Amino acid sequence: LWAFDVDPNAVAVGRQLMDLDSRFTIMHRPFADVDRAIPPGVELSGMLLDIGFSSPQVDDGARGWSCYQDGPLDLRMNFKSGISASEWLQTVT
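Owing to the predicted nature of the structure, the values given are computational and were not obtained by experimental measurement.

Some words on the confidence of the model for the chain
Now for step 1: Looking at the chain, pLDDT values average 87 and 99% of them are 70 or higher.
Now for step 2: Within the chain, the lowest mean pLDDT, 80, falls on helix 3 (residues 55-59), and the highest, 94, falls on helix 1 (residues 8-20).

Shown next, in the form of structure tokens:
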């Protein structure tokens with residue numbers, strides 16, 4: 001099972017799962033990289049895409065997705081890349 005995620009927190013959880021099951025591999029890359037990320041010779045028999053956001057992202061006010069927790073307006077899946085929504089809003093008129 002190959003997993004792809006751009007959220008560093010989700011990747012950290014995935015790496016813990018890798019330690020528990022050698023059949024699982026997580027890549028800190030977007031789904032769009034599947035053709036470049038899967039090693040040559042590995043044949044995929046199917047794909048399941050979970051392309052939404054997760055409860056941990058919504059529950060963490062610091063991520064900027066929560067309706068229940070105060071926090072900055074961020075809205076990035078990968079909070080280590082790009083600019084936050086609040087920074088972007090300050091640049092547009």
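The rest of the description comes next.
Re the nonpolar core
Now for step 1: Counting 5 residues, the largest nonpolar core is built from Phe4, Met27, Val34, Ala37 and Ile38.
Now for step 2: Dropping the residues within four chain positions of it, Ile38 is found in contact with Trp2, Phe4 and Leu44.

Things to note about the environment of Val58
Now for step 1: In this fold, Val58 is placed in helix 3.
Now for step 2: Those residues within four positions of Val58 in sequence are excluded, and the remaining contacts are Phe53, Trp65 and Ser66.

Examining the pattern of salt bridges
A side chain with one charge may pair with a side chain of the opposite charge, provided their charged atoms come close.
Now for step 1: Throughout the structure, instances matching the rule amount to 5 salt bridges.
Now for step 2: Linking Asp33 and Arg36 is a salt bridge whose minimum nitrogen-to-oxygen distance equals 2.4 Å.
Now for step 3: Given a relative accessible area of 54%, Arg36 falls into the exposed group.
Now for step 4: In the salt-bridge network here, residues are joined through shared partners; they are Arg29, Asp33, Asp35 and Arg36.

A closer look at the environment of Ser84
Now for step 1: Within the secondary structure layout, Ser84 lies in the loop between helix 3 and helix 4 (85-89).
Now for step 2: In this structure Ser84 comes out as buried when scored by relative accessible area, which is 7%.
Now for step 3: Taking C-alpha positions, Ser84 is 8.7 Å from Pro72, a pair spaced 12 residues apart along the chain.
Now for step 4: Residues contacting Ser84, with those up to four places away along its chain left out, are Leu73, Asp74 and Arg76.

Details of unusual backbone geometry
Now for step 1: Phi angles above zero are rare outside glycine, and Leu75 is one such case at about 65°.
Now for step 2: You can see Leu75 is positioned in the loop between helix 3 and helix 4.
Now for step 3: Given the relative accessible area of 35%, Leu75 is considered partly exposed.

Rules of the game
- Residues numbered from 1 in each chain as written.
- Predicted model: local features only at pLDDT ≥ 70, side-chain atom pairs only at ≥ 80, totals over all residues.
- Heavy atoms only, no water.
- pLDDT = per-residue confidence, 0-100.
- Helix = DSSP H or I, 4+ residues; strand = E, 2+ residues; numbered from the N terminus.
- Core = buried A, V, L, I, M, F, W, Y, C linked by side-chain atoms within 4.5 Å.
- Buried < 20%, exposed > 50% of the residue type's maximum accessible area, 1.4 Å probe, protein only.
- Contact = heavy atoms within 4.5 Å.
- Salt bridge = Lys/Arg side-chain N within 4 Å of Asp/Glu carboxyl O.

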